[in-house]
There are 2 protein chains.
Amino acid sequence: MTSAQTTQEDDQEPLSAADLRDAWPVLSRADRLAGFRLLQRDQAEELFLSLGPREHAELLEDLPTAEARSWIRLLPPDDAADCLQNAEPTRRDELASLLDEATRAEVRALLAYAEDEAGGLMSPRFARLRPDMRVAEAVGYLRRQTHDRAETVYYVYVLDQEQRLMGVVSFRELLTADAARLVRDIMLTDFVSVPEDMDQEAVSEVFAKTDLLALPVVDPQGRIKGIVTVDDIVDVVKEEATEDIHKIGGVSALGGSYLEVGLPAMLRKRAGWLSILFIGEMFTTSAMAYFQDEITRAVILTIFQPLILSAGGNSGSQATTLIIRAMVLGEVRLRDWFHVMRREIASGVGLGLMLATLGFGRIVLWHFAFHVYGSHYLGVAIAVSGSVLLVVLWGTLVGSMLPLLLRRLGLDPASASAPFVATLVDVSGLIIYFSIASIVLRGTLL
Amino acid sequence: MTSAQTTQEDDQEPLSAADLRDAWPVLSRADRLAGFRLLQRDQAEELFLSLGPREHAELLEDLPTAEARSWIRLLPPDDAADCLQNAEPTRRDELASLLDEATRAEVRALLAYAEDEAGGLMSPRFARLRPDMRVAEAVGYLRRQTHDRAETVYYVYVLDQEQRLMGVVSFRELLTADAARLVRDIMLTDFVSVPEDMDQEAVSEVFAKTDLLALPVVDPQGRIKGIVTVDDIVDVVKEEATEDIHKIGGVSALGGSYLEVGLPAMLRKRAGWLSILFIGEMFTTSAMAYFQDEITRAVILTIFQPLILSAGGNSGSQATTLIIRAMVLGEVRLRDWFHVMRREIASGVGLGLMLATLGFGRIVLWHFAFHVYGSHYLGVAIAVSGSVLLVVLWGTLVGSMLPLLLRRLGLDPASASAPFVATLVDVSGLIIYFSIASIVLRGTLL
């Protein structure tokens, strides 16, 4: 019995799969290959099966052909297809030729699908029956279907002569049914299926709604092409969350793990948004230049400016993060925009009042404690706290409405990243601050 | 046959489960109850089973006792336990009393576990066998185990007299094995199990590593307490991603969907971080006050200050988002800190040089185009672009090292939220900028 808690403890053996897996991210490609070939066969198999498609491709490209053959044949067809998709284009045919003929045909069929749609997720191997078999016959027939060709046998799919899906029957139903009955009479005909080109996020929603362990994938004629199992969906959900998190942080989707993406690729993924934001933020320079007279007359105003802008940026980051995630989870839809706006105006006023009070208190306190803000401290306090209130309200509104606006325009809501909202709010926040200060302090400081 | 694509299309019927589910988030609690009671039984069942534990609890609290009984009995024991956990504490006993006696005992046992550990995720219902049964006997025995009491029958668990887990056998193995063999001889004894108190994130990692559809949960004596199925893990992964995304955006975990969390609770979740950040950002006010002399002599310096600070904040947000997610996915561990630091120094220098060049170009261009920055434009351009380089490098370093430092201190790395890093970088960025400006412009502007 292996307890999941203790598998990493045993460090006695010379080199275990777990050791190598641990060191993997920081090893060079050559060291990975060398380490892999040092492992005993069982350890090597354990490691190999735990690797992702990109790592499979790299190893197989580097191994001698004879060795590569035995490894690629260890992969089920959906994993083999993912591996080929990640191999150098010039090496793909060579690697595909290492597969046995039947699997190669399956893999070629899978390669026609995009990686992120139902067809790209599915396994072409599943257990199948004809509707006119008796239950006893069906059990015997399933017994003869070779062991490792059916990915899951929890559900068995009932097909007509044209491979059209007629019904689904679970193993438990087959086992508990009268041996003399027809499969047709015990199968479930009110089953759920997904089309080949359904997006993987939509497939994961179908799983969430139905609580099934596997879903059949059918073409427009109702012919079954394969099955998607729920364990693949766990990876989809993680992958999509990573993409969303990166976008919210203002990074383009990395498409690989942090330590494995090369430095030039990493810089490219980050440079795009950083430059756009930097150029956008240049408008603050113009805004500041516009208010240069006010600043020259009342340098004290500049002292509070980072405080005010950051309050707007932070409340905007919060709002955009909340709304983007709620939209991804389907909790907030486009038509809820008015409801969201009302809520965020209430939140913005509440949070703005809170921060404005903190700001007002701080200025008055410092005035009496250190006499730093001159005789117009009350005017300054009013201008600052009024600006905080308005900028926070504005940041909250921009942060919450922007993702909805982007979706309305057919764009990705997650592009309303926290840094993007902060930049928008910086430019407008400056204008709000200096305008309020001009009004409040006219005749005194200004 | 129900195609998942078309289930939402049929709007003919007076009120369908799908209609009500769609309107659900924006309905008041009273309207939800009224709508639910308008549905026909089959539609109501579909809706009820698609709801979450909080919604189950609200409905059951509001329904008359006789109706509530039939609904709570529709729930499997793990869902019933989650529902009770979400009910008003004063109503829990009353709702529990509606369950049949056997389920009530199971539910009480489940309520002893925290919601986010293996025990809180598991179902106490699973198919079980004795090791000394023959395969034929075992199949007959499983046939007699009532239909809806075993959550999954893909795996069958083999227990000794003390309920200790001895092995696992899949239905396919039972079906394909010789009927005269003993269960003991065909069962897998090298199985993976998880302890009752294992955190749900760790459980999800075990699923990811093993590709199993269900895992047995055992107590310290090796007795099986229930099973966790992989479809529950999809929800865990989503929930954890939502929590991380909220934290990265500077919001405490909401613990509910956006539109369903009340406004006061929503404000509380957001106010905490916003106030801390606001108070932290007040140090910028002190920093600015410290450099007030320089500012008075060279107001032009303030013009570029939001640009420089935001460049640091944005690069810090990117870095912290990347590292937090990579740590959650296990791609980056504490011991990788030096590797990460080297990478981020390289990234920071690269990105900083790029933005510094953009900034330098902009100042020189504007000087020749609009003659706005006076005769010392070159000094200003050098001070600004030098500051951008250093602030971006600093932001990248702070953003990447802070999550690792927090983990080292035993804190949650995701607390290094994008707004938190931006605030840290604002304060230090100001000091960097004005210090560089003092050095570069000494004798000219300053």
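Provided above is the structure to which this section pertains.
Below you will find a few notes about this structure.

Criteria and cut-off values
- Residues numbered from 1 in each chain as written.
- Chains lettered and ligands numbered in written order.
- Predicted model: local features only at pLDDT ≥ 70, side-chain atom pairs only at ≥ 80, totals over all residues.
- Heavy atoms only, no water.
- Pairing = 2+ DSSP bridges.
- Helix = DSSP H or I, 4+ residues; strand = E, 2+ residues; numbered from the N terminus.
- Phe/Tyr/Trp six-rings, centres within 6.5 Å; stacked < 30°, edge-to-face > 60°.
- Buried < 20%, exposed > 50% of the residue type's maximum accessible area, 1.4 Å probe, protein only.
- Least-squares fit on C-alpha atoms with pLDDT ≥ 70 in both.
- Contact = heavy atoms within 4.5 Å.
- Buried area = accessible area lost by both parts, 1.4 Å probe.
- Salt bridge = Lys/Arg side-chain N within 4 Å of Asp/Glu carboxyl O.
- Nonpolar A, V, L, I, M, F, W, Y, C, P; charged D, E, K, R; others polar.

**Brief notes about the sheet that holds strand S4 (residues 165-170) of chain B**
Whether parallel or antiparallel, the strands of a sheet pair through hydrogen bonds between backbone atoms. Residue and element names in this part refer to chain B. Taken in spatial order, the three strands of this open sheet run S2-S3-S4, and their pairing is mixed. The sheet is open, and its two edges are formed by strand S2 (128-129) and S4, each paired on a single side. Note: S2 against strand S3 (residues 155-159), two bridges, orientation parallel. Among the inter-strand pairings, Arg-128 is bridged to a residue of S3, identified as Tyr-157.

**Concerning the packing of aromatic side chains**
Evaluation of the coordinates by the stated rule reveals 22 aromatic pairs over all chains. Measuring from ring centre to ring centre gives 5.9 Å for Phe-126 of chain B and Tyr-157 of chain B, while their planes differ by 90°; the resulting arrangement is edge-to-face. Residue Phe-126 of chain B is located in the loop between helix H9 (118-121) and S2, and its partner Tyr-157 of chain B is located in strand S3; the two are separated by 31 residues in the primary sequence. With respect to burial, Phe-126 of chain B and Tyr-157 of chain B carry one shared label: buried. A ring pair is formed by Phe-368 of chain B and Tyr-377 of chain B, whose centres lie 5.8 Å apart and whose planes are at 75°; its orientation type is edge-to-face. Under the relative-accessibility criterion, Phe-368 of chain B is labelled exposed at 55%. Taken together, the aromatic side chains of Tyr-290, Phe-291, Tyr-433 and Phe-434 of chain A make up a single cluster linked through ring pairs.

**Let's talk about the relation of the copies chain A and chain B**
Its rotation angle being 180°, the transformation that places chain A on chain B also includes 0.0 Å of axial translation and leaves an RMSD of 0.1 Å. The symmetry that links the two subunits is that of a two-fold axis. Counting the interface residues of chain A, we find that 99% of their copies in chain B are interface residues as well, pointing to one common contact surface.

**Description of the side chain of Gln-43 of chain A**
Residue and element names in this part refer to chain A. In this structure, Gln-43 sits in helix H3 (residues 41-50). What makes Gln-43 buried here is its relative accessible area of 16%. What Gln-43 contacts, discounting residues up to four positions off in sequence, is Ser-16 and Ala-17.

**A look at the environment of Thr-285 of chain B**
Structurally, the position occupied by Thr-285 of chain B is in helix H15 (residues 263-290). In this structure, the C-alpha to C-alpha distance between Thr-285 of chain B and Leu-430 of chain B, residues 145 residues apart in sequence, is 9.9 Å. Ignoring any residue separated from it by four or fewer positions in sequence, one finds Thr-285 of chain B in contact with Ile-303, Phe-304, Leu-307, Arg-362 and Tyr-373 of chain A.

**Overview of the interface of chain A and chain B**
In this complex, chain A contributes 125 residues to the contact, which on the side of chain B involves 125 residues. Carbon and sulfur atoms make up 66% of the area that chain A and chain B hide from each other, which totals about 11300 Å². Taken together, the links from chain A to chain B amount to two salt bridges. Between Arg-270 of chain B and Glu-344 of chain A there is a salt bridge whose closest N-O contact spans 2.9 Å. If you tally residues by element for the side of chain A that touches chain B, the top one is helix H15 (residues 263-290) of chain A, at 18 residues. The residue inventory of the side of chain A that touches chain B, partitioned by class, reads 68 nonpolar, 37 polar and 20 charged.

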